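# Chains, contacts and geometry: an overview
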Amino acid sequence: MKASAGYQIVTLNEFIINRQEEHPEAKGDLSRLLHHIGVAAKIVNKKINKAGLVDILGEAGEVNVQGEEVKKLDVFANDHFMAAVKASGEVCAIASEENQEIVTFNDGLSRDGHYVFCMDPLDGSSNIEVNVSVGTIFSIYRRISPAGERAHVSDFLQSGHRQVAAGYVIYGSSTMMVYTTGNGVDGFTLDPGIGEFCLSHPRIRTPDDGRIYSINEGNYVHFPMGVKRYIKYCQEIDPESHRPYTSRYIGSLVSDFHRNLLMGGIFIYPETQSAPKGKLRLIYECNPIAYVAEQAGGMASNGTTRTMDIVPSDLHQRVPFYVGSSRMVDKVHDFLREFP
Ligand code: AHM
Ligand code: MG
């Protein structure tokens, strides 16, 4: 599309089609699915914008599989992403933070779908009521079970390095969709005037080094010794390495990660005494974020192992998460080795 001011606007759909044309062997399945994710993101975005106005806030009267209270907006986002992904006809099953079991589709096109879809439909939802950014995290794998049969949980227990595509939507001061299909990371900002995601951040590269560390320091006493020492390192004065660093923590993974991705930084959610395996979920939180991080030149680990090499054993498995600029992740690894 040519804008009147003379600059080129590339919409998400146009971008998806262009990318598909670069791969003549591609049949368009993934393109259709990405298009539908974009549609769901716009619907959820509209609802979030109205959250303070309509009777959508408050508990939905349910407790999710993690034992947390479910907000109505979580349910809304879950329902709409489910519906959109199913409508694409390309997905045979979905795993969501909001559902204990996988949801399988056994009718028409969907049963033959080549992909499975994982999501945290509304990450950071406890922030909604105070008007702080939230996000949707998603990840796509090729199914392992034979097409035409009912999908199986093993389709989801694949290591992150087998992801076909992953990304997130951030509902912030503007709404953005950021994703990768393994060929770099691109970001699209929703132009509310025309209702389209427009390419605003092509080929995102994260700085190799950064000055921001993001961690819930309220848990300090419960952190492993290596993390405690790393935090002290971040706070030391050393003009040469631009320390002390800046501490930034929103408490919304997508927002904390997105800021660090663009500015350079590290996000840490380690194991703690109260959460000995960490808090964040491997399949639909850490792996997709790790894929985006790596594709942008960053790193992600559980402190010792690359996140995307962990073999999941459970749909809702939690892992410690260290993600961000490669030199910062390397540095925290040094501390974890030195102070095990
Ligand atoms: P949620 O999926 O229930 O919203 O929880 C995940 C969120 C992340 O967005 C965020 O990084 C983390 O929980 C914050 O946890 P804490 O409040 O313990 O710092
Ligand atoms: Mg979450």
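Since the model is a prediction, treat every value here as computed from it, not as a measurement. (Residues numbered from 1 in each chain as written. Chains lettered and ligands numbered in written order. Predicted model: local features only at pLDDT ≥ 70, side-chain atom pairs only at ≥ 80, totals over all residues. Heavy atoms only, no water.)

### A short note on the environment of methionine 176
Put simply, the test is: By definition, any uninterrupted DSSP run of H or I lasting at least four residues is a helix, any uninterrupted run of E lasting at least two residues is a strand, and each is numbered from the N terminus. The criterion used for residue contact is that any of the two residues' heavy atoms lie within 4.5 Å.
For methionine 176, the position within the fold is in strand E8 (residues 175–180). As for methionine 176 and serine 133, which are separated by 43 residues in sequence, their C-alpha atoms are 11 Å apart. When neighbours within four sequence positions are excluded, methionine 176 is seen to be in contact with Tyr168, Val169, Ile170, Gly187, Phe188, Thr189, Phe197, Ser200, His201 and His258.

### Comments concerning the pattern of salt bridges
Just so we agree on the cut-off: We define a salt bridge as a contact between a side-chain nitrogen of Lys or Arg and a carboxyl oxygen of Asp or Glu at a distance within 4 Å. Buried means the residue's accessible area, taken with a 1.4 Å probe over protein chains only, is under 20% of the maximum for its type, while exposed means over 50%, and partly exposed covers the values in between.
All told, the structure shown has 14 salt bridges when counted by the stated rule. Glutamate 196 is paired through a salt bridge with lysine 42; the nearest N and O atoms lie 3.9 Å apart. Separated by 154 residues along the polypeptide, glutamate 196 in strand E10 (residues 196–201) and lysine 42 in helix H2 (residues 29–49) bring together distant segments of the chain. Looking at glutamate 196, the relative accessible area reads 25%, which means it is partly exposed. Across the pair glutamate 236 and arginine 243 runs a salt bridge whose closest N-O atoms are separated by 3.1 Å. Members of the salt-bridge network, linked through shared partners, are Asp29, Arg32 and Glu90.

### Considering empty space enclosed by the protein
Just so we agree on the cut-off: Put simply, the grid is 1 Å and covers the protein atoms alone, a cavity is a trapped set of points that fit a 1.4 Å probe, a pocket is an open set with protein on both sides within 12 Å along at least five of seven lines, and lining residues have an atom within 4 Å of a point. Grid points are joined across faces, edges and corners, and a volume is the space filled by probe spheres set on the points.
Evaluated as defined, the whole model comprises one cavity of 30 Å³ or more. If you add up the space inside the largest cavity, you get close to 40 Å³. Around the largest cavity, the lining residues are Thr206, Phe257, Asn260, Leu261, Gly265, Ala293, Gly298, Gly324 and Ser325. For the lining of the largest cavity, the leading source of residues is helix H6 (residues 253–263), giving three residues.

### Details of the domain arrangement of the protein
Our working definition: Domains are outlined according to an automatic or database domain assignment. Buried area adds together the accessible area that both of two parts lose upon being put together, with accessible area traced by a 1.4 Å probe. Any N or O atom pair separated by 3.5 Å or less is treated as a polar contact, with the protein-specific requirement of one donor-capable and one acceptor-capable atom, and with residues adjacent in sequence counted only for side-chain atom pairs. In this count, Pro and Cys sit with the nonpolar residues alongside Ala, Val, Leu, Ile, Met, Phe, Trp and Tyr, while Asp, Glu, Lys and Arg are called charged and the others, Gly among them, polar.
Each assigned domain of the protein is listed with its residue range as follows: domain 1 (12–201) and domain 2 (212–338). Across the boundary between the two partners, domain 1 contributes 48 residues, which contact 32 residues of domain 2. Summing both partners gives a buried area of about 2800 Å² for domain 1 against domain 2, and 61% of it is carried by carbon and sulfur. Here domain 1 and domain 2 share one salt bridge between them. Inspection of the region where domain 1 meets domain 2 yields 16 residue pairs in polar contact (both at pLDDT 80 or more). For the side of domain 1 that touches domain 2, the secondary structure elements donating two or more residues are strand E3 (91–96), strand E5 (115–123), strand E6 (134–142), strand E7 (163–171) and E8. Broken down by class, the residue content of the side of domain 1 that touches domain 2 amounts to 22 nonpolar, 21 polar and five charged.

### A closer look at the sheet that holds strand E11 (residues 212–214)
Picture the strands of a sheet paired through backbone hydrogen bonds; they go either parallel or antiparallel. We apply this condition: Two strands pair if DSSP finds at least two bridges between them. Only C-alpha atoms enter the line fits that serve as axes; for helices the fit covers just the stretch in contact. Angles between N-to-C directions range over 0 to 180 degrees.
Pairing is mixed in the open sheet, where five strands are placed in the order E12-E11-E13-E15-E14. Bordering the open sheet on either side are strand E12 (246–247) and strand E14 (299–301), each of which pairs with just one other strand. Where strand E13 (residues 265–269) meets strand E15 (residues 321–324), four bridges bridge the pair, whose relative direction is antiparallel. Each bridged residue has a counterpart across the sheet, and for isoleucine 268 the counterpart in E15 is tyrosine 322. Here helix H5 (residues 225–235) sits on the sheet in contact with E11, E13 and E15, set at roughly 150 degrees to E11.

### As for the nonpolar core
To keep things clear, this is the line we draw: Residues grouped as a nonpolar core are buried Ala, Val, Leu, Ile, Met, Phe, Trp, Tyr and Cys residues, joined through side-chain atoms within 4.5 Å.
Formed by 39 residues in total, the largest nonpolar core has its most connected members in Ile37, Phe117, Leu122, Ile140 and Tyr179. Here this core takes eight residues from H2, the largest share from any one element. The residues touching isoleucine 37, leaving out its near neighbours within four places in the chain, are Phe81, Phe117, Phe138, Ile140 and Met177. Counting residues in each nonpolar core, the second largest holds 29 residues, with Leu261, Cys286, Ala290 and Ala300 among its members.

### What to know about the pairing of E13
In terms of burial, E13 is largely enclosed, as five of its five residues are buried. Judged by which residues are buried, E13 turns out to be covered on both faces: Gly265, Phe267 and Tyr269 on one side and Ile266 and Ile268 on the other are all buried. As paired strands, E11 and E13 are joined by three bridges and run parallel to one another. From the neighbouring strand, isoleucine 212 faces E13, where its bridge partner is glycine 265.

### Let's talk about the sheet that holds E8
Strand order in the open sheet made by the eight strands is E4-E3-E5-E6-E7-E8-E9-E10, with mixed pairing throughout. The sheet terminates laterally at strand E4 (103–104) and E10, the two strands that pair on one side only. Sheet topology places E5 next to E6; seven bridges connect them, and they run antiparallel. Counterpart to aspartate 120 in the pairing with E6 is isoleucine 137. Contacting E3, E5, E6, E7, E8 and strand E9 (185–191), helix H7 (residues 282–295) runs over the sheet at an angle of about 100 degrees to E7.

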